[in-house]
Amino acid sequence: MATIIIPTPLRKFTNQQNKVTVGGTTIKESIDELTLNFPDLKKNLIDEKGNLRSFVNIFVGDDDIRDLNEENTAVKAETVISIIPAIAGGSTDYENITFSKEEQARYNRHIIIPGFGLEAQKKLKAAKVLVVGSGGLGSPVLLYLAAAGVGNIGIVDFDVVDDSNLQRQVLFGVTEVGKSKVEAAKARIQSLNPHINDTTYNTQLTSKNALEIISQYDVVADGTDNFPTRYLVNDASVIAGKPNVYASIFQFEGQVSVFNYTNAKGETGPNYRDLYPTPPPPGLVPNCAEGGVLGVLPGIIGSLQANEVIKVITGVGETLSGRFFVFDALTFETRTLKISKQANTPVIKELIDYEQFCGVKAVEKKIKEISVDEFVQWQKSGEDIQVIDVREPAEYEQVNIGALLIPLATVAERAGEISRDKKVVVHCKLGGRSSKAIRELEEKFGFDNLYNLKGGITAVEQESDLLKAVNV
Amino acid sequence: MIKINSTIHRFLTDDALRTFPDECCGFLVGTETGEERVVEEIIVVNNAKDGDKRRRFEITPLDYLKAERAADEKNLLLLGVYHSHPNHPSVPSEHDRVVAQPYFSYVIVAVRENEFVSLQSWRLNDASQFEEEKVEGYLPESAESTPRPYPSSR
Ligand SMILES: [Zn+2]
């Protein structure tokens, strides 16, 4: 008679006995006798086909019967047979991920890459990535992550698609102008890959909602265009323990890095604050809307960002953690700088007021604008409007449209000369200075009747017909 | 209900933090009276997962056998299994569920780098679904280490 040791979880089926003696000359015979005496044990040990379940191990002494003679392993009187349940688990579910035929075909070019394979593709499908901003950088990031098969994508943006976005935000076309960016982005990536889930957040990311949103994701991809949101995304990622794949662009230059990434040894790399503990003084670094950006640049940099997201998820290759990549589109020069954790930076414990911290608003209030066409219509219709030119006197002498000259530096002191009871069109050379003048007048003096002439006097000059119409 | 005193709690947290970013794993050993379980000691076991230890753990059959023998020798019971979820909530994954055993308490310790987040215990019900098991007897050493729900939201 051999002895079978019953594992703790199954003792309720053997009247709490931890040992049972059985007959039989092989493992199969002994187990059969055991399940005959304790029928409730059977479904826990034997599957429908009569085979031992895969998560049950049978040991004879300290040896697995898989290494002996399987079920036909001989049993003697002194044999001690142990039934051992498999003990395993994990925190995520990528191993249980399966692919339909269509998905297999779609991802075939990934699956056949040596070192990537089905394992990495499963991790992509199980992954949850939050893309903050669906603009210039967000466009390629969302397109490539969706195409690659990232199974769960969150999109945060509060903005509406505008004509001026289409020069670089390739997610959108003319039919989306005026629609919310998250809805337009969702429709676009769903048509690209119907096998993935996406969640949209048609809101500004703030200190109130950032942790709640970010903690639902594995990886954050930061494609924001302003300092308050960049610090917010960084700090929230650090608090929530999520890697933050960062990119930013300005004029002809782009940057990429991976922040707050914990490597296989358990070491967490630097974050944005190790590089820039505090923001630059307000106004020193303009954003894209003020400084401009070459439209193809976010395509290049956003694609690199998507590549880093895929590496972070799959663990394939070496991420840019601890390194900071800079690309100059004009000279085609690239630099990869080493960055490290700074000992003296304070621990990030809670989110703060980032607009106050940076001294700027995350979202500038939109000012009213008119096109040259509309401006001409107003003039033709005989509407009484005041026109203000905020350029310098020398520029005014070269070319003007008969406007009242109030150079930008003097708008505050001469605000009294600006009408409050009719439409006032403000222009400069290209539209930048006039928008500053309008902001200043609105904030300091409460004007609500000011319109920025889009493209400035340059746009007027380019339309020779219109030039005549406005009698230049 | 499962009683985990502050010493046992510290052992569990220490193992999870030491093993970070990999998952730690081991056994809970103790006594059972009716519906009340008391953890007397833990047995730390090597995570034998061949592959992604950051999201997976596995205990070898031999380690199981040793743990059960040790419990039997001390006249104690193998009450369950603990493991950590680095950067994940202390909630069982589907992967945890499909391989889970009946009867056992599954204690999950959620940690971030250098920081304990939360601890919860789970047991399979008759429908093979996890139900949370109340954890008692843990006195936080300071307000700082009070378990808070993860993901934290404010
Ligand atoms: Zn788990």
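Scroll up to find the structure.
None of the values given here were measured: they were computed from a predicted structure.

Novice: Now, about the overall build of chain B: what can you tell me, with residues and values included?
Specialist: Helix and strand counts for chain B come out as three helices and nine strands. N-terminal to C-terminal, the α/β element order of chain B is β-α-β-β-β-α-β-α-β-β-β-β. Of all 154 residues assigned to chain B, the portion counted as buried reaches 50%. For chain B, restricting intrachain contacts to residue pairs at least 6 apart in sequence, the fraction spanning at least 24 positions comes to 64%.

Novice: Hey, could you go over the overall build of chain A for me, with residue numbers and the actual values?
Specialist: Within chain A, the regular secondary structure consists of 18 helices and 19 strands. Of all 472 residues assigned to chain A, the portion counted as buried reaches 50%. Taking the intrachain contacts of chain A between residues at least 6 apart in sequence as the baseline, contacts between residues at least 24 apart amount to 65%. For chain A, the accessible area works out to roughly 22500 Å², and carbon and sulfur atoms hold 51% of it.

Novice: Tell me about the sheet that holds strand 17 (residues 404-405) of chain A, and please be specific about residues and values.
Specialist: Residues and elements named next belong to chain A. Read from one edge to the other, the open sheet built from five strands follows the order 15-19-18-16-17, with strand pairing classed as parallel. One side of each edge strand has no neighbouring strand; the edge strands of this open sheet are strand 15 (369-370) and strand 17. Examined bridge by bridge, strand 16 (residues 386-389) and strand 17 share two bridges and lie parallel to one another. When the bridges of strand 17 are listed, aspartate 389 appears paired with leucine 405. This element, helix 16 (residues 432-445), spans strand 18 (424-427) and strand 19 (450-453) of the sheet and lies at about 170 degrees to strand 19.

Novice: Just give me the short version of the coordination of the zinc ion, but keep the residues and values in it.
Specialist: Protein-derived coordination of the zinc ion comes from Gly90 of chain A (O), His83 of chain B (NE2), His85 of chain B (NE2), Asp96 of chain B (OD) and Asp96 of chain B (OD), at a distance range of 2.0 to 2.5 Å. On the criterion of sequence distance, the pair formed by histidine 85 of chain B in strand 5 (residues 77-86) and aspartate 96 of chain B in helix 3 (residues 94-98) is long-range, its members being 11 residues apart. The pair histidine 85 of chain B / aspartate 96 of chain B is uniform in exposure class, with both members buried.

Novice: An account of the interface of chain A and chain B is needed here, citing residue identities and associated values.
Specialist: At the interface, 48 residues of chain A touch 44 residues of chain B. When chain A packs against chain B, close to 3900 Å² is buried across both sides, 50% of that on carbon and sulfur atoms. Three residues, Thr8, Ile87 and Ser91 of chain A, lead the burial of chain A against chain B; their summed loss comes to 17% of the area buried on that side. Linking chain A to chain B there are three salt bridges.

Novice: Tell me about the packing of aromatic side chains, residues and numbers included.
Specialist: Residue and element names in this part refer to chain A. Throughout the structure, instances matching the rule amount to 16 aromatic pairs over all chains. An angle of 75 degrees between the planes, with centres 6.4 Å apart, marks the rings of tyrosine 201 and tyrosine 217 as edge-to-face. Placement of tyrosine 201 in strand 9 (residues 197-201) and of tyrosine 217 in the loop between helix 8 (210-214) and strand 10 (219-222) is noted, with a sequence separation of 16 residues between them. Across the pair, exposure class does not vary: tyrosine 201 and tyrosine 217 are buried alike. Through pairs of rings, three or more aromatic residues link up here, namely Tyr231, Tyr246, Phe259, Tyr272, Tyr276, Phe324, Tyr354 and Phe357. Stacked on the ring of tryptophan 378, the Lys or Arg lysine 423 has its end atom at 4.3 Å from the ring centre.

Novice: Quick rundown of helix 6 (residues 138-148) of chain A? Include the residues and the values.
Specialist: Counting buried positions along helix 6 of chain A gives nine out of 11 residues, so the element sits mostly inside the fold. Turning to helix 6 of chain A, its buried residues are Gly138, Ser139, Pro140, Val141, Leu142, Leu143, Leu145, Ala146 and Ala148 of chain A.

Novice: Summarise the packing of helix 5 (residues 117-126) of chain A against helix 12 (residues 296-314) of chain A; cite the residues concerned and give the values.
Specialist: All names here are of chain A. Running from N to C, helix 5 and helix 12 cross one another at 105 degrees; their axes reach a closest spacing of 9 Å. Taken as axis vectors, helix 5 and helix 12 run roughly perpendicular relative to one another. Residue-level contacts link Ala120, Lys123 and Leu124 of helix 5 to Ile310, Ile313 and Thr314 of helix 12. Residue composition of the contact of helix 5 with helix 12, by class: four nonpolar, one polar and one charged.

Novice: Which residues make up the side chain of lysine 123 of chain A, and what values do they have?
Specialist: Along the polypeptide, lysine 123 of chain A turns up in helix 5. You can call lysine 123 of chain A buried: its relative accessible area is 9%. A distance of 3.3 Å separates a polar side-chain atom of lysine 123 of chain A from the backbone oxygen of threonine 314 of chain A. Those residues in contact with lysine 123 of chain A, other than ones at most four positions away along the chain, are Tyr94, Ile313 and Thr314 of chain A together with Asp52 and Arg55 of chain B.

Novice: Break down the pattern of salt bridges for me, citing the residues and quoting the values.
Specialist: A side chain of one charge can pair with a side chain of the opposite charge when the charged atoms of the two come close. Counted by the stated rule, this structure contains 23 salt bridges over all chains. Among the salt bridges present, the one from glutamate 115 of chain B reaches arginine 112 of chain B, with a minimum N-O distance of 3.4 Å. Relative accessible area serves as the criterion here: at 4%, arginine 112 of chain B is assigned to the buried category. Connected via shared salt-bridge partners are Arg11 of chain A together with Glu68 and Asp72 of chain B.

Novice: Help me get a handle on unusual backbone geometry, residues and values and all.
Specialist: In this chain, phenylalanine 20 of chain B is followed by proline 21 of chain B through a cis amide linkage whose omega measures 5 degrees. As for its position among the elements, proline 21 of chain B is in the loop between helix 1 (6-19) and strand 2 (25-33). The phi torsion at glutamine 251 of chain A lies on the positive side, around 55 degrees, for a residue other than glycine. In this structure, glutamine 251 of chain A sits in the loop between strand 11 (244-250) and strand 12 (253-259).

Novice: If you had to explain the pairing of strand 16 of chain A to someone new, which residues and values would you point to?
Specialist: Residue and element names in this part refer to chain A. Across the two faces of strand 16 the burial is the same, with Gln386 and Ile388 and Val387 and Asp389 all buried. Pairing geometry for strand 16 and strand 18, over four bridges, is parallel. Across the sheet, the residue bridging to isoleucine 388 is valine 426, located in strand 18. As for the winding sense of the linkage, the β-α-β connection from strand 16 through helix 15 (residues 393-398) to strand 17 is right-handed.

Novice: Can you break down empty space enclosed by the protein residue by residue, with the values?
Specialist: Residue and element names in this part refer to chain A. Within this structure, the stated rule accounts for two cavities of 30 Å³ or more. Considering only enclosed or pocket space, the largest cavity measures out at about 50 Å³ in volume. Taken together, Ile27, Lys28, Ile31, Asp32, Ile46, Gly50, Leu52 and Glu71 form the lining of the largest cavity. Lining the second largest cavity are Ile388, Val390, Val411, Ile418, Val424, Val426, Leu441 and Leu450. Split into classes, the residues belonging to the lining of the second largest cavity amount to eight nonpolar, no polar and no charged.

Novice: Lay out the nonpolar core in plain terms, naming residues and giving numbers.
Specialist: Leu145 and Ile153 of chain A are the most contacted members of the largest nonpolar core, which has 47 residues in total. Among the elements that take part in this core, helix 12 of chain A stands out by supplying seven residues, more than any other. Residues Ile87 of chain A together with Ala16, Ala67 and Ala100 of chain B belong to the second largest nonpolar core, which totals 41 residues.

Here is what the cut-offs are and how they apply
- Residues numbered from 1 in each chain as written.
- Chains lettered and ligands numbered in written order.
- Predicted model: local features only at pLDDT ≥ 70, side-chain atom pairs only at ≥ 80, totals over all residues.
- Heavy atoms only, no water.
- Helix = DSSP H or I, 4+ residues; strand = E, 2+ residues; numbered from the N terminus.
- Buried < 20%, exposed > 50% of the residue type's maximum accessible area, 1.4 Å probe, protein only.
- Contact = heavy atoms within 4.5 Å.
- Areas by Shrake-Rupley, 256 points an atom, 1.4 Å probe, with all protein chains shown as cover.
- Pairing = 2+ DSSP bridges.
- Axes fitted to C-alpha atoms, helices over the stretch in contact; angles between N-to-C directions.
- Donors = N, O, S within 2.8 Å, 3.2 Å for Na, K, Ca; no water.
- Buried area = accessible area lost by both parts, 1.4 Å probe.
- Salt bridge = Lys/Arg side-chain N within 4 Å of Asp/Glu carboxyl O.
- Phe/Tyr/Trp six-rings, centres within 6.5 Å; stacked < 30°, edge-to-face > 60°.
- Lys NZ or Arg CZ within 6 Å of the ring centre and 35° of its normal.
- Parallel < 35°, antiparallel > 145°, perpendicular 65-115°, else oblique.
- Nonpolar A, V, L, I, M, F, W, Y, C, P; charged D, E, K, R; others polar.
- Polar contact = N/O pair within 3.5 Å; in protein donor to acceptor, adjacent residues only side chain to side chain.
- Right-handed = clockwise from strand over helix to strand, strands pointing away.
- 1 Å grid on protein atoms, 1.4 Å probe; cavity = no way out; pocket = protein on both sides within 12 Å on 5 of 7 lines; lining within 4 Å.
- Points joined across faces, edges and corners; volume = space filled by probe spheres on them.
- Core = buried A, V, L, I, M, F, W, Y, C linked by side-chain atoms within 4.5 Å.

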